[in-house]
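Structural overview
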Amino acid sequence: MNTVSPLLSVSGLHVQFGGLTALDSASFNISPHSVVALIGPNGAGKTTAFNAISGFVPISSGEIEFQGKKISWPKTHELAALRISRTLQGVGLFSGLNVCENVMLGADTQKSSNIFTDLIGASGKSEKRLREKAMEVLSSLGVAHLAERLPHELSYPDSKKVALARALISDPLLLMLDEPAAGLDQGDIDELATIINEVKRNCAVFVVEHHVDFVGEISDQVYVLNFGKIIASGTFDAVKEDPEVLTAYLGSSRH
Ligand SMILES: Nc1ncnc2c1ncn2[C@@H]1O[C@H](COP(=O)(O)OP(=O)(O)OP(=O)(O)O)[C@@H](O)[C@H]1O
Ligand SMILES: [Mg+2]
């Protein structure tokens, strides 16, 4: 029996876009310091689940609890206060800011608004501390030497690391990664797996991913979504043999 209280508990989540049911009674739990993968065919509702948790889309019904407290429609600064951070599907860096500044913006919106002030002139202790922290995180991911570069000067794998650094600077308890391995080659994916195993010592990781071997390597628990419904959950080895999962992957996708 699992006696650890979940860090994140989602139950009966329902999200509707007009006539389309993107999530249909989806329920899942994430334990502290675990790596949980949410997988499923294109259009299954994975990003929508992330968006619902982080307040980007409204939910029609269901409950989301973080550390035993109900959350709904959290604003960005509330997510930071809860210590939930996420990366976006793709990269999503601010093109006009350098790498270090992009990472500093992940700290939280209260501090980030100070950074904007600092960037246009005044500087302060908080800005210096944040800059140091950003450099620490960049360094831990092996990309501190890129701190002064602009996003368009980065290779794709490096820009993904910067996006990850931006999510890590707030010392999250829950890190949500939407397709962190997309577009990476095998060497970069192996490096990412090592990073996730390190990160897990400090926080839980909720990851949406299509790279099946990578999911198998990093996950403690896997949930499979298809047409908005969770059709299987368990260890990777268990769900990969599940006939309904095999059918979902071989069969229909919305795109
Ligand atoms: N803001 C929105 N408005 C209308 N429909 C949406 C919106 N966001 C997602 N959808 C639809 O909801 C369904 C689920 O989309 P979602 O992006 O969650 O899928 P996904 O599992 O992340 O897919 P992928 O693996 O391709 O990223 C799709 O049919 C999508 O077109
Ligand atoms: Mg998606």
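All of the points below concern the structure found in this document. (Residues numbered from 1 in each chain as written. Chains lettered and ligands numbered in written order. Predicted model: local features only at pLDDT ≥ 70, side-chain atom pairs only at ≥ 80, totals over all residues. Heavy atoms only, no water.)

**Here we look at the pattern of salt bridges**
The following threshold applies: Each reported salt bridge corresponds to a side-chain nitrogen of Lys or Arg within 4 Å of a carboxyl oxygen of Asp or Glu. A run of H or I in DSSP counts as a helix once it spans at least four residues, and a run of E counts as a strand once it spans at least two, with each numbered from the N terminus. Accessibility here uses a 1.4 Å probe with only protein chains present; expressed as a share of the type maximum, an area under 20% marks a residue as buried, one over 50% as exposed, and anything in between as partly exposed.
Overall, the coordinates contain nine salt bridges when judged by the stated rule. Of the charged contacts in the structure, one is a salt bridge between K229 and D24, with a shortest N-O distance of 2.7 Å. Of this pair, K229 sits in strand β10 (residues 229–234) while D24 sits in strand β2 (residues 20–30), and the two are 205 residues apart along the sequence. Its salt-bridge partner being E127, residue R131 comes within 2.8 Å of it at the nearest N-O pair. In this pair, R131 and E127 both sit in helix α5 (residues 125–140), four residues apart, roughly one turn of the helix. Since its relative accessible area comes to 26%, R131 is described here as partly exposed. Given a relative accessible area of 11%, E127 falls into the buried group.

**Re the site of ligand 1**
Rule in force here: Definition of nearness: a residue and a molecule or strand are near each other if at least one heavy atom of the residue lies within 4 Å of the molecule or strand. Residue burial considers only the protein chains on display, and all accessible areas are found by Shrake-Rupley using a 1.4 Å probe. Asp, Glu, Lys and Arg are counted as charged, while Ala, Val, Leu, Ile, Met, Phe, Trp, Tyr, Cys and Pro are counted as nonpolar; the rest, among them Gly, fall into the polar class.
Near ligand 1 lie 15 residues; those nearest to it are G43, K46, T47, T48 and H210. In isolation ligand 1 has 640 Å² of accessible area, and contact with the protein removes 68% of it. Counting residues per element, the ones that place at least two in the shell around ligand 1 are β2 and α1 (46–53). Ranked by residue count, the leading element in the shell around ligand 1 is α1, at three residues. When the residues that make up the shell around ligand 1 are grouped by side-chain class, the tally is five nonpolar, seven polar and three charged.

**Observations regarding empty space enclosed by the protein**
The following threshold applies: We place a 1 Å grid over just the protein atoms. Points where a 1.4 Å probe fits but has no way out form a cavity, open points with protein on both sides within 12 Å along at least 5 of 7 lines form a pocket, and any residue with an atom within 4 Å of a point lines it. Grid points are joined across faces, edges and corners, and a volume is the space filled by probe spheres set on the points.
Under the counting rule described, the total for this entry stands at two cavities of 30 Å³ or more. Considered as a void within the structure, the largest cavity measures approximately 170 Å³ in volume. For the largest cavity, the lining is made up of 16 residues, of which K160, K161, L164, P180 and L192 are closest to its centre. If you list the elements that add at least two residues to the lining of the largest cavity, you get α6 (156–168), β7 (174–178) and α7 (186–199). Here the lining of the largest cavity gets five residues from one element, more than from any other, and that element is α6. When its volume is computed, the second largest cavity comes out at roughly 30 Å³. Taken together, A52, G55, V57, I59, I64, S72 and W73 make up the full set of residues lining the second largest cavity. In terms of residue class, the lining of the second largest cavity is made up of five nonpolar, two polar and no charged.

**Quick look at α6**
Here is the rule: Here a helix's expected span is defined as the number of its residues, less one, multiplied by 1.5 Å.
The end-to-end C-alpha distance of α6 is 19 Å, a good match for the 18 Å that 13 residues give at a rise of 1.5 Å each. Most of α6 is tucked away: 10 of the 13 residues are buried. Of the residues making up α6, those classed as buried are S159, K160, K161, V162, A163, L164, A165, R166, A167 and L168.

**Quick notes on the packing of aromatic side chains**
So the rule is basically this: For Phe, Tyr and Trp, rings pair up if their centres lie within 6.5 Å, where Trp contributes its six-membered ring, and each pair is then called stacked (planes under 30 degrees apart), edge-to-face (over 60) or tilted (otherwise).
Tallied over the entire structure, the rule returns three aromatic pairs. Arranged with centres 5.4 Å apart and planes meeting at 45 degrees, the rings of F28 and F206 form a pair that is tilted. In this pair, F28 sits in strand β2 while F206 sits in strand β8 (residues 204–208), placing the two residues 178 residues apart along the sequence. Judged by its relative accessible area of 0%, F206 is buried. Aromatic pair F28 and Y223: ring centres 5.8 Å apart, planes at 55 degrees, arrangement tilted. Residue F28 is located in strand β2, and its partner Y223 is located in strand β9 (residues 221–226); the two are separated by 195 residues in the primary sequence. Through successive ring pairs, a cluster of aromatic residues spans F28, F50, F206 and Y223.

So far we have only geometry, and geometry alone does not tell us how the molecule works.
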